[in-house]
Amino acid sequence: MRVECVKVRDGQVVIEASTPEGGFVPCPGCGIPSGRVHSRYGRRLADAPCGGQSVVIELSVRRLFCDKRECRRVTFAEQIEGLTCRYGRRTPVLQRMLAALGVVLAARAVVRLALLFGIVISRMTVLRMVMALPDPDWATPRVLGIDEFATRKGRRYGTLLVDCETHQPLDLLPDRDADSVATWLRERPGVEIVCRDRASVFADGARAGAPKAQHCADKWHVWHNLAEAVERLVSRHRTLLRDLVECAPAPEPPTPEPTPAEAVEDAGDPLEPYPQGKFLDRLRDTHAAVRAQVEQGLSLREIARRLGLGRNTVRKYARAASPEAMLHGQWQNRTSKLDAFKPYLDQRIAEGCTNMSRLHRELQERGARCSYSTLRDYVRPLHPGRRTASGTPPIARPPSPRQAAGWIMRHPDHLREDDQRQLKTLLAHSPELAAAAGHVRAFAAIMTNREGDQLGHWIAAVCADEHCGLAGFAAGLLPDLDAVVYGMSTDWSSGPVEGRVNDLKALKRSMFGRAKPLLLRKRLLLIAASRRPRTG
């Protein structure tokens, strides 16, 4: 190629060039070189911007005859390697740059960004560039992870396949079907381990597509299934949960309110020490700087100019005796439209009414005009655990079945003293829950110590225990026992798949929920391939 001149026209850098005369070019149809010229024609190519200005190449190329009679082409245009391609209006450099931006940023963002560089392109063109990119190469994985993802939650689901060794996503299937998983595995033999949850769809598909592969049930899903079984068991003992409130130790007597004189003396001191943090450190530094300049006799306007603050802000710092006083007094003068109904709210909450919807209806019947959220925020300080204005402690709310199940599922060393006391009382009044708690501890030891071979004995012990309510969960492990045992005996899990599902959610949000499965698949595979560490 010969460059003839470079000039600036209408804010664009225009490069005029042409191909030299002579020379032979192979025909793209038959491959026979030809040098007989038919004519010349001009091509206009957009190139990568330079110096903040768009670059255009006006190129004159030859059209040649193909002298082979058997070839279907009569004439053909010569191409310049690395610069032109058939029907291309952009150079390969600009094409690769826009396609890479389209993979990362999506089409609309690329269009807005390209305008800053003087490149005009439509979002549909960007999408075509992205879809034209080849899929990244990968070998058949040894450990395959399978999980579902929602294209529309509750209605449409797909299947995500991930290499658990490299964390590289391999494919996205547009549906959640056992036949699709089985077909994919048959076309790619060599999978040795399949990591999955306990869904029967993936279990059946993996067994049909890779019958020799070892299944690995994810430990988190098994533990989650056990937690659900424990919560259902606790739900049958709601009466015991209400009794925990009655067995609780009596609260401390209310402290007498300070006299007005004591309140005035303690107004500048906080009721309790404030924790250290960046916010308080910055508050103290600013307060010290303002007070030091006030003592020097500077005006508030001058202090605000020196510190870069507003005059009203400087006035607040100057009037505060200490930085803690600013924090303590910032809510003292706040009023609410519900202040007139505060005695009634104190009475209802003391009676044990904590249903916000019921309180909202009762206040509306008494003439209050407030939203549900306003009432919720106003009543939050009056909820169980806080004292009412009258000084009488309200009736505490009993723990929920999920909260009590959390006490049983967590390690005893990770429970607070109050939770440990309530759990001990609960287990003492229910032999069934006490037996279930013992089996949960044994199950946790098996999972933590990777002793999957002991799971069969645990299932037998649970099924033989008449006072335990976990027999249904234990029997549900039997159809998938090999996968559960292997999952508890190794370090393999569905963690890499869950991470890629989070990536899919981020991509869906960036495309405003309009991502089709093909585009979603292409972007996920290409983005993950660009993050893959290079070797060598």
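As the structure is a computational prediction, the values presented were derived from the model and not from experiment. Residue positions within a chain follow its written sequence, with the count starting from 1. The predicted nature of this model means local features are confined to residues of pLDDT at least 70 and side-chain atom pairs, given and counted, to a pLDDT of 80 or more, with totals for whole chains, interfaces and linings taken over all residues. Hydrogens and water are ignored here; the side-chain numbers use all heavy atoms of the structure.

J.: Could you clarify how one ought to interpret the pairing of strand E9 (residues 156-163) in this entry?
T.: Consecutive side chains of a regular strand alternate in pointing toward one face of the sheet and then the other. Each residue is placed in one exposure class: buried if its accessible area under a 1.4 Å probe, protein chains only, is under 20% of its type's maximum, exposed if it is over 50%, and partly exposed if it falls in between. Counting from the N terminus, the helices are DSSP H or I runs at least four residues long and the strands are E runs at least two residues long. The buried count for E9 comes to 6 of 8 residues, which makes it a mostly enclosed element. Pairing between strands requires that DSSP locate at least two bridges from one strand to the other. Of the strand pairs in this sheet, strand E8 (residues 143-152) and E9 are connected by 8 bridges, and their pairing is antiparallel. Looking across to E9, one finds that glutamate 148 is bridged to threonine 159. A loop of 3 residues connects E8 with E9, the two strands running antiparallel in sequence, and glycine 154 in this loop sits at a positive phi of about 85 degrees. Both E9 and strand E10 (residues 168-173) contribute to a ladder of 5 bridges, which runs antiparallel. What sits directly across from leucine 161, in E10, is aspartate 171. Joining the antiparallel neighbours E9 and E10 is a turn of 4 residues, in which histidine 167 adopts a positive phi near 60 degrees.

J.: Explanation requested: the side chain of aspartate 197 in the structure shown.
T.: On the secondary structure map, aspartate 197 appears in the loop between strand E11 (193-196) and helix H5 (200-209). Only four residue types enter the tally: Lys and Arg on the positive side, Asp and Glu on the negative side, with His and both chain ends excluded. Any carboxyl oxygen of Asp or Glu within 4 Å of a side-chain nitrogen of Lys or Arg constitutes a salt bridge here. It turns out aspartate 197 is buried and unbridged, and the closest side chain with the opposite charge, arginine 196, is 5.7 Å from it. Any pair of nitrogen or oxygen atoms within 3.5 Å is treated as a polar contact; in protein, a donor-acceptor pairing is required on top of that, and neighbouring residues in sequence qualify only through side-chain atoms on both sides. Here alanine 199 takes part through its backbone nitrogen, which lies 3.2 Å from a polar atom of the side chain of aspartate 197. Here, residues are in contact when the closest pair of their heavy atoms is within 4.5 Å. Setting aside residues no more than four positions away along its own chain, aspartate 197 makes contact with Ile146, Asp147, Phe202, His221 and Ser494.

J.: Explain helix H4 (residues 178-187) here, please?
T.: Since there are 3.6 residues in each turn of an α-helix, residues three or four apart along the chain are aligned in direction. All buried positions along H4 are accounted for by Ala178, Val181, Ala182, Trp184 and Leu185. Buried residues of H4 fall within an arc of 160 degrees about the axis and therefore sit on the same side. Opposite the packed face of H4, turned more than 90 degrees from it, sit the exposed residues Asp179 and Glu187. Buried residues along H4 sit against E8, E9, E10 and H5. Among the residues of H4, the N-terminal cap falls to aspartate 177, whose side-chain oxygen and the backbone nitrogen of aspartate 179 are separated by 3.0 Å. Comment: arc refers to directions from the helix axis out to C-beta atoms.

J.: Mind showing me how you'd approach a nonpolar patch on the surface here?
T.: Where nonpolar side chains cluster on the molecular surface, the patch consists of Met1, Val3 and Val6 and spans about 290 Å² of accessible area. Along the chain, the position of valine 6 falls in strand E1 (residues 2-9). Given the relative accessible area of 54%, valine 6 is considered exposed. Each patch is built from salt-bridge-free residues with over 30% relative accessible area, joining like charges within 9 Å and nonpolar side chains (Val, Leu, Ile, Met, Phe, Trp, Tyr) within 5 Å. Values of accessible area rely on a 1.4 Å probe in the Shrake-Rupley scheme; residue burial ignores everything except the protein chains shown.

J.: For this particular structure, what's the right way to read the environment of tyrosine 486?
T.: Looking at the secondary structure, you find tyrosine 486 in helix H21 (residues 481-489). Spatially, the C-alpha atom of tyrosine 486 lies 6.6 Å from that of glycine 452, the residues being 34 residues apart in sequence. Apart from the residues within four sequence positions on either side, tyrosine 486 is in contact with Ile193, Gln214, His215, Cys216 and Trp492.

J.: When you look at the pattern of salt bridges in this model, what are you seeing that I'm missing?
T.: It is possible for side chains of opposite charge to pair when their charged atoms get near one another. Under the counting rule described, the total for this entry stands at 28 salt bridges. Of the charged contacts in the structure, one is a salt bridge between arginine 62 and glutamate 78, with a shortest N-O distance of 3.1 Å. Pair noted here: arginine 62 is in strand E6 (residues 53-65) and glutamate 78 is in the loop between strand E7 (75-77) and helix H1 (92-105), with a separation of 16 residues, a long-range link. Overall, the relative accessible area of 7% leaves glutamate 78 in the buried class. A salt bridge links glutamate 231 to arginine 402; the shortest N-O distance between them is 3.6 Å. Here the residue glutamate 231 occupies a position in helix H6 (residues 219-235), and arginine 402 occupies one in helix H16 (residues 401-409), the gap between them amounting to 171 residues. What makes glutamate 231 partly exposed here is its relative accessible area of 23%. Here the salt bridges share partners, and the residues they tie into one network are Lys7, Arg9, Glu16, Arg44 and Glu58.

J.: Teacher, can you tell me more about the sheet that holds E10 here?
T.: Strand pairing in a sheet takes place through backbone hydrogen bonds and is either antiparallel or parallel in direction. One open sheet accounts for 5 strands, arranged E10-E9-E8-E11-E12; its pairing is mixed. Both edges of this open sheet fall to E10 and strand E12 (214-217), since each of them pairs with a single strand only. Within this sheet the neighbouring strands show an average axis-to-axis angle of 30 degrees, counted without direction. Relative to E12, E11 is paired through 4 bridges, and the arrangement is parallel. Considered in E12, the bridge of cysteine 195 is made with cysteine 216. Note on method: axes are straight lines fitted to C-alpha atoms, helices fitted across the in-contact stretch only, with angles between N-to-C directions ranging 0 to 180 degrees. Set on the sheet, H21 makes contact with E11 and E12; between it and E12 the angle comes to about 70 degrees.

J.: Help me understand the packing of aromatic side chains, please; the structure alone is not making it clear to me.
T.: What describes a pair of aromatic rings is the distance from one ring centre to the other and the angle between the planes of the rings. Pairing of aromatic rings covers Phe, Tyr and Trp, the last through its six-membered ring, and needs centres within 6.5 Å; plane angles under 30 degrees mean stacked, over 60 mean edge-to-face, and all others mean tilted. Counted under the stated rule, the structure contains 5 aromatic pairs. Ring centres of tryptophan 223 and phenylalanine 443 lie 6.2 Å apart, and the angle between their planes is 25 degrees; on these two criteria the pair is classed as stacked. Highlighted residues: tryptophan 223 in helix H6 and phenylalanine 443 in helix H18 (residues 431-448), separated in sequence by 220 residues. Taken together, a centroid distance of 6.0 Å and an interplanar angle of 75 degrees make the contact between phenylalanine 443 and phenylalanine 473 edge-to-face. Of this pair, phenylalanine 443 sits in helix H18 while phenylalanine 473 sits in helix H20 (residues 471-477), and the two are 30 residues apart along the sequence. Accessibility classification places phenylalanine 443 together with phenylalanine 473 in one group, the buried group. An aromatic cluster is built from Trp223, Phe443, Trp458 and Phe473, whose rings are joined through pairwise contacts. Sitting over a ring, as applied to charges here, requires NZ of Lys or CZ of Arg to be within 6 Å of the ring centre and within 35 degrees of the ring normal. When the ring centre of phenylalanine 65 is taken as reference, the NZ or CZ atom of arginine 36 above it lies at 4.2 Å. Taking the ring centre of tyrosine 157 as reference, the NZ or CZ of arginine 176 above it sits at 4.2 Å.

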